[in-house]
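Here is how the chains run, residue by residue.
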Amino acid sequence: MKKEKTTIVVAGVLIGVISAMLVFFGNPANMGFCIACFLRDTTGALGLHSAAAVQYIRPEIIGLVLGACIVSLITKEFRPRGGSAPVTRFTLGAFVMIGCLMFLGCPFRMILRLAGGDGNAIFGLVGFAAGILTGTFFLKKGYTLKRSYKMPKLEGAVYPAFQIVLLILLVAAPAFIHFTEPEGGPGAKHAAILISLAAGVIVGILAQRTRLCMVGGIRDAVLFGEYKLLFGFVAILVSALIMNVALGFFHPGFVGQPIAHTDGLWNALGMYLAGFGRILLGGCPMRQLILSGEGNTDSVVTVLGLMAGAAFAHNFGLASSADGPTANGKIAVVIGIVVVAAIAVINSMRKEEA
């Protein structure tokens, strides 16, 4: 157990360092890694939304999936499974993304925003923890999306293969792939392809081996008194903070933070929705990508839901900006909380009926 905790902490330290270095090499400030933002950018690059400021196929996402896939094949942990409430998972994924884009970041970026001195992320952290605690209440009541089933290996290989196609499209840059114009927004800020891809592969391998997941960390702490996964995210925070200070990226405060807004209530509510939805899905966006690399088609459906949520958010004015949340975004978050709560109640009742 002690060795396992040490491994998780070391992995967290490395991930924090890598995240800060990605900013040094060109990624947006306080966004060395952001699964929600990077899926959003990739969605835009494929033309599924028209927000020109956030369109770029992010190699970090490709690397995460391929890194997890490669190491799971080596360790014989590539076990395709799926068929557990796909429509529900897709719906939850979409609303989780809407919550993330209200806050402007996933749990990973929330930690990196804190490490960069962004005080607005504190409100997100409070809301996120509250959402996970709400979801944990339903887990204790018997919430379940039922079992998954063994799938053919070819089925599990489709999504990793799709990542290779995306990499080819990124390098080839055909006319039908959209790229943010230079200085046109966050999508134009990125490290070199090889650097981003290598970073993604390394983090994918580390996350696959350690099962890093902030949602799982808080859930395990509440349900079982087990804190090892949380240690990993504390390590990410500390190492990224030290790197940010060393590189001159640490700027404490609330106002003027990069790709962030100062509306504390909606930062909290956005991450409340995200935390609530993620606990019902069984993991954060990074964990879903890692499981996708292991052949889990339920996680693939969840990731597709996240991408659909990103497209919907930017096509219908739900995503926040530095100016703050939109009216449409606030309505969508409230609807999302209601829908996620209904899913939690219904799937807890089914367990009791069974």
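Residues numbered from 1 in each chain as written. Predicted model: local features only at pLDDT ≥ 70, side-chain atom pairs only at ≥ 80, totals over all residues. Heavy atoms only, no water.

Participant: Looking at this structure, I do not really get the overall build of the protein. What am I missing?
Facilitator: Counting secondary structure elements, the protein contains 14 helices and 2 strands. In terms of overall dimensions, the protein has a C-alpha envelope of 55 × 45 × 45 Å along the principal axes. The 354 residues of the protein split such that 56% are buried. Within the protein, residue pairs in contact and separated by at least 24 positions form 82% of the contacts whose partners lie at least 6 positions apart. By element, 70% of the accessible surface of the protein is carried by carbon and sulfur atoms, the whole surface being about 14200 Å². Positive and negative side-chain charges in the protein, numbering 27 and 16 respectively, have mean positions lying 9 Å apart. (Helix = DSSP H or I, 4+ residues; strand = E, 2+ residues; numbered from the N terminus. Buried < 20%, exposed > 50% of the residue type's maximum accessible area, 1.4 Å probe, protein only. Contact = heavy atoms within 4.5 Å. Areas by Shrake-Rupley, 256 points an atom, 1.4 Å probe, with all protein chains shown as cover. Lys, Arg positive; Asp, Glu negative; His and termini not counted. Charge placed at Lys NZ, Arg CZ, Asp CG, Glu CD.)

Participant: It is not clear to me how a positive patch on the surface should be interpreted in this structure. Could you clarify?
Facilitator: There is a patch of like positive charges on the surface, built from Lys-76, Arg-81, Arg-147, Lys-150 and Lys-153. With a relative accessible area of 30%, Arg-81 lands in the partly exposed category. (Patch = residues over 30% accessible without salt bridge, like charges linked within 9 Å, V, L, I, M, F, W, Y side chains within 5 Å. Salt bridge = Lys/Arg side-chain N within 4 Å of Asp/Glu carboxyl O.)

Participant: Is there a simple way to think about the packing of aromatic side chains in this case?
Facilitator: The geometry of an aromatic ring pair is captured by the separation of the ring centres together with the interplanar angle, meaning the angle of the planes. Scanning the entire structure with this criterion turns up 10 aromatic pairs. With a centroid separation of 5.4 Å and 0° between ring planes, the pair formed by Phe-33 and Phe-108 is classed as stacked. Taken together, the residues Phe-33 in the loop between helix H1 (2–24) and helix H2 (35–45) and Phe-108 in helix H5 (residues 107–115) connect sequence positions 75 residues apart. Among the residues examined, Phe-33 registers a relative accessible area of 0% and is labelled buried. Classification of Phe-108 as buried rests on a relative accessible area of 3%. Geometrically, the ring pair formed by Tyr-159 and Phe-162 is tilted, given 6.2 Å between the ring centres and 35° between the ring planes. (Phe/Tyr/Trp six-rings, centres within 6.5 Å; stacked < 30°, edge-to-face > 60°.)

Participant: How do you make sense of helix H12 (residues 285–293) when you look at a structure like this?
Facilitator: Two residues of an α-helix separated by three or four positions point the same way, owing to the 3.6 residues in each turn. The element H12 is largely enclosed, with a buried count of 9 among its 9 residues. Downstream of H12 by one or two residues, Gly-295 has phi in the positive range, about 95°.

Participant: Please clarify how unusual backbone geometry should be interpreted in this entry.
Facilitator: Working note: non-glycine residues mostly have negative phi, and peptide bonds are mostly trans. One non-glycine residue, Lys-76, lies in the positive phi region at around 60°. Along the chain, Lys-76 falls in the loop between helix H3 (59–74) and strand E1 (81–82).

Participant: Would you take a moment to explain the side chain of Arg-113 for this structure?
Facilitator: Residue position: Arg-113 is located in helix H5. In this structure the side chain of Arg-113 is engaged in a polar contact, spanning 2.9 Å, whose partner is the backbone oxygen of Phe-103. Filtering out sequence-adjacent residues up to four positions away, Arg-113 remains in contact with Asn-30, Phe-103, Leu-104, Asp-118, Asn-120, Ala-121, Ile-259 and Ala-260. (Polar contact = N/O pair within 3.5 Å; in protein donor to acceptor, adjacent residues only side chain to side chain.)

Participant: Mind showing me how you'd approach the environment of Phe-90 here?
Facilitator: Residue position: Phe-90 is located in helix H4 (residues 86–103). Each C-alpha atom, one on Phe-90 and one on Ala-51, is 22 Å from the other, the two residues being 39 residues apart in sequence. Residues contacting Phe-90, with those up to four places away along its chain left out, are Val-301, Leu-304, Gly-305 and Ala-308.

Participant: Which parts of the structure should I look at to understand the side chain of Arg-109?
Facilitator: Topologically, Arg-109 is positioned in helix H5. Leave out the neighbours within four places in its chain, and Arg-109 touches Ala-29, Asn-30, Met-31, Phe-33, Cys-34, Cys-37, Leu-104, Pro-258 and Ile-259.

Participant: Any chance you could explain the packing of H5 against helix H10 (residues 228–247) here in plain terms?
Facilitator: The relative placement of two packed helices comes down to the angle between their axes together with the axis-to-axis distance. Packing of H5 against H10 leaves a shortest axis separation of 8 Å and a crossing angle of 40°. As the angle between them shows, H5 and H10 are arranged oblique. Crossing of H5 over H10 shows right-handed handedness. Residues Phe-108, Ile-111, Leu-112, Leu-114 and Ala-115 of H5 lie in contact with H10, whose contacting residues are Phe-233, Ile-236, Leu-237, Ala-240, Leu-241 and Asn-244. Looking at the contact of H5 with H10 residue by residue, the classes come out as 10 nonpolar, 1 polar and no charged. (Axes fitted to C-alpha atoms, helices over the stretch in contact; angles between N-to-C directions. Parallel < 35°, antiparallel > 145°, perpendicular 65-115°, else oblique. Left-handed = near helix turned anticlockwise from the far one by under 90°. Nonpolar A, V, L, I, M, F, W, Y, C, P; charged D, E, K, R; others polar.)

Participant: Got a minute to help me understand helix H13 (residues 297–315) in this structure?
Facilitator: Its 19 residues give H13 an end-to-end C-alpha distance of 27 Å, which sits within 8% of 27 Å, the value for a rise of 1.5 Å per residue. Where H13 starts, the residue carrying a side-chain oxygen 2.9 Å from the main-chain nitrogen of Asp-298 turns out to be Asn-296. (Expected span 1.5 Å × (residues − 1).)

Participant: Looking at this model, I keep getting lost on the pattern of salt bridges. Mind explaining?
Facilitator: The final tally for this structure, using the stated rule, is 7 salt bridges. Between Arg-211 and Glu-77 there is a salt bridge whose closest N-O contact spans 3.3 Å. One end of the pair, Arg-211, is in the loop between helix H8 (193–210) and helix H9 (214–224); the other, Glu-77, is in the loop between H3 and E1, and 134 residues separate them in sequence. Overall, the relative accessible area of 18% leaves Glu-77 in the buried class.

Participant: How do you make sense of a nonpolar patch on the surface when you look at a structure like this?
Facilitator: On the surface, Ile-122, Phe-123, Val-126, Phe-254 and Val-255 cluster together into a nonpolar patch covering about 500 Å² of accessible area. Tracing the backbone shows Val-126 in helix H6 (residues 120–140).

Participant: Sorry, what's going on with the environment of Ala-29 here?
Facilitator: Residue placement: Ala-29 occurs in the loop between H1 and H2. On the basis of relative accessible area, Ala-29 is assigned to the partly exposed category, the value being 34%. In this view, Ala-29 contacts Val-23, Arg-109 and Pro-258; residues no more than four positions away in its chain are not counted.

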